[in-house]
Structures are given as structure tokens and as C-alpha cells.
Amino acid sequence: MGDHQKIVVMACKHSAGEALRELQREGWALPDGVEWVELPCGGSLDELHILRAFEAGAAAVLVLACYHGACRSLDGSRWAEKRVQAIQEMLAEIGIEQDRLEFRNIAPTMPADLASWVEALHRRVLAPAGE
Amino acid sequence: MSQATPVAKQVLVLGASSEAARAVKELLALGYKVLWVSGDELPSNGLDSPALAKYANCRLYALEGHVGRFVSHFLHQGQRLALSTSAIIVATGNERYFPAERYGLELSSLVWTTSQVKEQLKKPLPQSVLAFRDKRILLLLDWSGETSKELVSESFSLAGELCERCRSEVYFFYRDLTVDSPGWEQRTRELRDKGVVFCRYGEPEVTVGEAAVSISYLEGTVEGDLLVLPEAVRPRGDTAELAEILQVRLGEDGYFQELNIRKYRAGLSARKGIFFAGRCHMDCDASEAESDALQVVAAVDALLGQGALEPEEVIAYVDPSKCIRCLTCVRTCPHAAVQVVEYEDMDVVAARVDELACWGCGACASNCPVQAIEMVGQEMPAWVQGV
Ligand code: SF4
Ligand code: SF4
């Protein structure tokens, strides 16, 4: 499935989802090859989701959740971060670069940051491949 | 599967505070049936209506059910009392005390609290007024700590009343008047016009003598006949117990903590259908507490106004045949929406999510060790299933 190179963004709908919709209203679109998976809350992120994304050919996975303390469901964003860390350790053990999995805190008021993170990741991971 | 469940427009209001009274009044005006319950006496302020039932001196000892069909269990005059309501507004207020340790002073004939002055002013004439007539009164705010908004506001009123009604000479000592409430600047101006002297201090030196009190500060020393100190507020003693019964959270400061929501939504607790109004969850003065109560009533009406409730678009569903009753979901649900129950039709005991109480955050599903919980309504790409 080598030709299925893509980036998967797993995003809390309350923060990242709002920021994306703001960008879309302004005419911005996700770059080709970026798949957006919206979660009801960072707390619903399962380690399995991340592993399956890599299995399905993701070159990189970006997890976006609210700032800690701003999560509507209390600890959702903390759990998301912990799960990302656990998978990063696992990736290191099996020899996959840890920077293929990123975690970031985001607020609904951060559409510009969202765009720049996604574009930077896209340049870093997908653009040079170009084959 | 998201079908509307009819619910009664019936609300429990807990507490005897003025914001509780405001909420009751507003709910009645909107056509709700209101059950007004307090652990203390209830104010007799003419709120009477066939749609209102009042119960004073009740202790809540258990809460069952969820939004739309809460059942609150009280002890009332030695009897058990069970009240069914669709929503609950907690408006229990706060508790006042005299922080003797913080001030390093005991109350005496020369040192009064703002509440003592207020009580005295409520007494019949002439003793109410004569107690302060032509006296010089030193009101000292923000001493060794910040005075709560509620007490600052009351101190303003007292200063005005003492000046006008009692012809007292009032010195109003302050450190930083947080003029963050609309109207305070104007109130300060009005009081100045009435003759109140405002003195800003850094580190005041307070002396209580045999017959007089004095405050020394940067600009000199002011002697007076009476030192008035505002009380402090703290969460009521029963707050923690109440939070446990209601399964809602307390903040680090010991007050009820509302749900984190970007667009401020009045008094939402983490639990659907339970709301906080006024001084049990925020530092505010009485009038702000009452406007908070109005916003909370608006939020309750937004929830129940249609007489029916619908689940969120995404909610959790437990497959009872997979559940191993480990209670992980019960413990992790931030919104107290899961319980272990008996499924009579299937003859099993397993976790069950209340579909109206569930916020759909998915914390239970990602924590369940045997993947017994599915997020119904959540669209996920096929590869998540390993396809
Ligand atoms: S976490 Fe899963 S197995 Fe444990 S009680 Fe909840 S549904 Fe049952
Ligand atoms: S999804 Fe689960 S954890 Fe979240 S509110 Fe619903 S029952 Fe609770």
C-alpha cells in the first residue's frame, strides 16, 4: 500500500473542527492527501485508531485536541496526549520515526496555526516523496 | 434512533439565596412547575403560586436518574421525600464568616462587621440611626487579602446609608478598588458627593484603643469611633457533600465548577440537566448573582422549553453481552452518564449509558478494556475498523 501515502489528522471537533470550518469559510482547503478524521473529543481517541491509520498507509498522523483545562469533558485532551506518547514509544521500538506522529493542543480561535501546521507537515512528509 | 423523549417542565431549585428566589420567580413566569427546596428556612417573599411547592429544612441524601427524570431524595421533618424533576438548579449561595485570624482582631464594641452594621440599621427607629449618629466610622476593605465583590458592594451601600440616614462621617479605606463591575465608578462618585472620604492605603496600621480606633497610612492617621470590617465568604459547609450526591465537580477553591465551554453558557455543570446559579459557583455580588440566575433559567428553558429532550448526535452505546462490569466507564465518564444496571430483558447486569445524559465525548469507549462500547452516530473511515 506504499502508494497510499497520506496524512491523517485526528481532530477534536470542539477546537480543531471549529478552526477548520473557519478556514473553510475563508476558502482554504486541506491539501491533497490529507485525511481529516473528526473526533467528538480528544478523550475518544483510541490507540488502535492511530495504529490503524499507519496500517492504512498514513505517512504521518497529527492529533489535535483542546488545551488541557479547556476540554469540555475534563481530561479528554490529556488522555489523547498520553495515548500519542504511548504510541510514539511503540513506534520507536519497531523502528518507525517518532516524528511521524505529532500531538498538538489547539483552540477554536487558532485557524491560522492549524493551516500552518498542516501545510508544514504536508511539505515535510508528502511533498519530497513526489514519486 | 434519536427520538425525542417527552419531559415534564418541572424544575428543582436548591437553596434559599436571593438568586434562588430570582430563579424560582422567573421559572414560574415561564410556566414551569417549581419545587423549591432548601436545607435552611426559605425566604417568605410573597412567592406563591399553585405551580410552586416549597420545602424548607430538607436534607438531600440521594439523587437518582438523569436529565429529564431526576429523582431527588430528601429528609424532611423526619420523613422521606422523593421529588421528580427534569432539571436541577443549585443556587445554595455561599457562607459568610468573620476572618478573625486574617485580620488579627476580635470583634468588640469598637470593631464591627458589615453585617452587624446592616442588622443594626434594620432595627426600628430611633435606635437604628442613633447607634451611628455623628460618629466617625472607618470602613476598611481589602485588609490582608481581597474583599469579595459581594462584600465590596455591600460596603458601598452601607457607606451611603450611614452618611445619609445617620449623618455619620465615613472614611472608606481601600487598597485597589477593582472597579470591574459596571456602575462602581459611578457609585464611588456618588458616595464622594455624599461626603464619604476615600483613602487609598498601602500598608495600614490599625489600632484599637479603649474608646477609639485609628488607622495610620501613608497620608497620616485617622481616628474614629468605630472600625467596620467586611466579612469573608467561603463555600458553604455542605458543598462537598452536595457535590458528591449530585455527582458534579468542585473547583480548587471549593465552589461548584461549571463545564468548560468556549461560548459561555450559564451555569452548566458537567452533568446534563444540573445547573449552578450565583454565589455557589462564582464570586459576585447579589445583583450579579440574580442576573446569573436569569441566564441559568434561560439555559434551562433552552433545554426543556420544547417539553422534549433529544440525545446528542453522537452517543455511546454499551453492548451488554460484551461488558465485563469492570466499572471503568462509570469511573471515567466525565458527565456521570453511565451506570451498571440490570438489563431485565436479557437477564444480564452490565453498564448502560443514559442516552440523554451522554455528551458523546467517547472517553468511555476508548477506555473500555473489551471494546464493549460503540460511539453511535460517529462517522469513522473504514480503515479504523481494520478494513
Ligand atoms: S468499561 Fe466496558 S467492560 Fe467495563 S463496565 Fe464499562 S462497558 Fe463494561
Ligand atoms: S461518551 Fe461515554 S464517557 Fe462520554 S459522556 Fe457519554 S457515556 Fe460518558
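This text goes with the structure placed above it.
Structure report, in brief. (Residues numbered from 1 in each chain as written. Chains lettered and ligands numbered in written order. Predicted model: local features only at pLDDT ≥ 70, side-chain atom pairs only at ≥ 80, totals over all residues. Heavy atoms only, no water.)

## With respect to the interface of chain A and chain B
The interface of chain A with chain B comprises 27 residues on the first partner and 25 residues on the second. Both sides together, the interface formed by chain A and chain B hides about 2,100 Å², and carbon and sulfur atoms give 59% of it. The largest contributions to the chain A side of the interface with chain B come from Arg52(A), Arg72(A) and Leu74(A), which together make up 29% of the buried area. If you look at where chain A meets chain B, you find zero salt bridges. Going through the elements one at a time, β1 (6-12), β2 (34-39), α2 (47-55) and α3 (76-93) of chain A are the ones with two or more residues in the side of chain A that touches chain B. When residues of the side of chain A that touches chain B are assigned to their parent elements, the largest contribution, four residues, is made by β2(A). Within the side of chain A that touches chain B, the residues separate by chemical class into 14 nonpolar, five polar and eight charged. (Contact = heavy atoms within 4.5 Å. Buried area = accessible area lost by both parts, 1.4 Å probe. Salt bridge = Lys/Arg side-chain N within 4 Å of Asp/Glu carboxyl O. Helix = DSSP H or I, 4+ residues; strand = E, 2+ residues; numbered from the N terminus. Nonpolar A, V, L, I, M, F, W, Y, C, P; charged D, E, K, R; others polar.)

## Considerations on the site of ligand 1
Close contacts around ligand 1 come from 13 residues, with Cys323(B), Cys326(B), Leu327(B), Cys329(B) and Cys368(B) the closest. Looking at the shell around ligand 1, its residues break down into 11 nonpolar, one polar and one charged. (Near = heavy atom within 4 Å.)

## Comments concerning the pairing of strand β6 (residues 69-76) of chain B
Residues and elements named next belong to chain B. The pairing of strand β5 (residues 58-66) with β6 spans eight bridges and is classified as antiparallel. Counted as the bridge partner of Leu63 is Ser72 from β6. Where β5 hands over to β6, the hairpin turn is made up of two residues, of which Gly68 adopts a positive phi near 95 degrees. With seven bridges connecting them, β6 and strand β7 (residues 79-85) associate as antiparallel partners. Bridge pairing links His73 to Ala82 in β7. (Pairing = 2+ DSSP bridges.)

## What about the environment of Leu64(A)?
Summarising the element assignment, Leu64(A) is placed in strand β3 (residues 58-65). Note: C-alpha distance between Leu64(A) and Ala11(A) (53 residues apart in sequence) is 4.7 Å.

## Structural notes on the side chain of Thr239(B)
Relative to the helices and strands, Thr239(B) is located in helix α7 (residues 239-246). If near-sequence neighbours (up to four positions away) are discounted, Thr239(B) is found in contact with Leu250(B), Gly254(B) and Phe256(B).

## Describing a nonpolar patch on the surface
Residue and element names in this part refer to chain B. A contiguous nonpolar surface patch, about 250 Å² in accessible area, is contributed by Leu327, Val330, Val340 and Val349. The residue Val349 is located in strand β23 (residues 348-353) in this model. Assessed through its relative accessible area of 35%, Val349 is described here as partly exposed. (Patch = residues over 30% accessible without salt bridge, like charges linked within 9 Å, V, L, I, M, F, W, Y side chains within 5 Å. Areas by Shrake-Rupley, 256 points an atom, 1.4 Å probe, with all protein chains shown as cover. Buried < 20%, exposed > 50% of the residue type's maximum accessible area, 1.4 Å probe, protein only.)

## Things to note about the packing of aromatic side chains
Residues and elements named next belong to chain B. Counting across every chain of the model gives eight aromatic pairs over all chains. Between Tyr103 and Trp143, the aromatic rings sit 5.5 Å apart at their centres with planes inclined by 15 degrees, giving stacked as the arrangement. Residue Tyr103 is found in helix α2 (residues 100-103), and its partner Trp143 is found in the loop between β11 (136-140) and α5 (149-166); the two are separated by 40 residues along the sequence. Exposure class is identical for Tyr103 and Trp143. Each is buried. Here a set of aromatic residues connected by ring pairs shows up, and it is made of Phe156, Phe172, Tyr174 and Phe198. A cation over an aromatic ring shows up here: Arg234 above the ring of Tyr97, its NZ or CZ 4.0 Å from the ring centre. The cationic tip of Lys272 hangs over the ring face of Trp359; the distance from NZ or CZ to the ring centre is 4.7 Å. (Phe/Tyr/Trp six-rings, centres within 6.5 Å; stacked < 30°, edge-to-face > 60°. Lys NZ or Arg CZ within 6 Å of the ring centre and 35° of its normal.)

## Things to note about the nonpolar core
Nonpolar side chains in soluble globular proteins tend to end up buried together. Residue and element names in this part refer to chain B. Among the nonpolar cores identified, the biggest contains 79 residues, and Ile89 and Val90 are the most heavily contacted of them. Residue contributions to this core peak at six residues, all from helix α1 (residues 18-29). With residues near it in sequence (within four places) discarded, Ile89 still touches Val11, Leu12, Val13, Leu14, Ala23, Leu27, Phe275, Ala277, Val296, Val297 and Val300. Ranked by size, the runner-up nonpolar core spans 25 residues in total, among them Leu139, Tyr174, Val196 and Val228. (Core = buried A, V, L, I, M, F, W, Y, C linked by side-chain atoms within 4.5 Å.)

## Overview of α7(B)
Residue and element names in this part refer to chain B. All of the buried residues along α7 are Thr239, Leu242, Ala243, Ile245 and Leu246. Here the buried residues of α7 occupy an arc of 165 degrees about the axis, which is enough to place them on one side. Where α7 is buried, its residues meet β2 (10-14), β5, β8 (87-90) and β19 (274-276). In the stretch just after α7, Gln247 is the one whose phi turns positive, near 55 degrees. (Arc of directions from axis to C-beta.)

## A look at unusual backbone geometry
Residue and element names in this part refer to chain B. With an omega of 0 degrees, the peptide bond between Leu125 and Pro126 qualifies as cis. Residue placement: Pro126 occurs in the loop between α3 (114-122) and α4 (127-130). Look at Arg325: it is not a glycine, yet its phi comes out positive at around 55 degrees. Summarising the element assignment, Arg325 is placed in the loop between β21 (315-318) and α9 (328-332).

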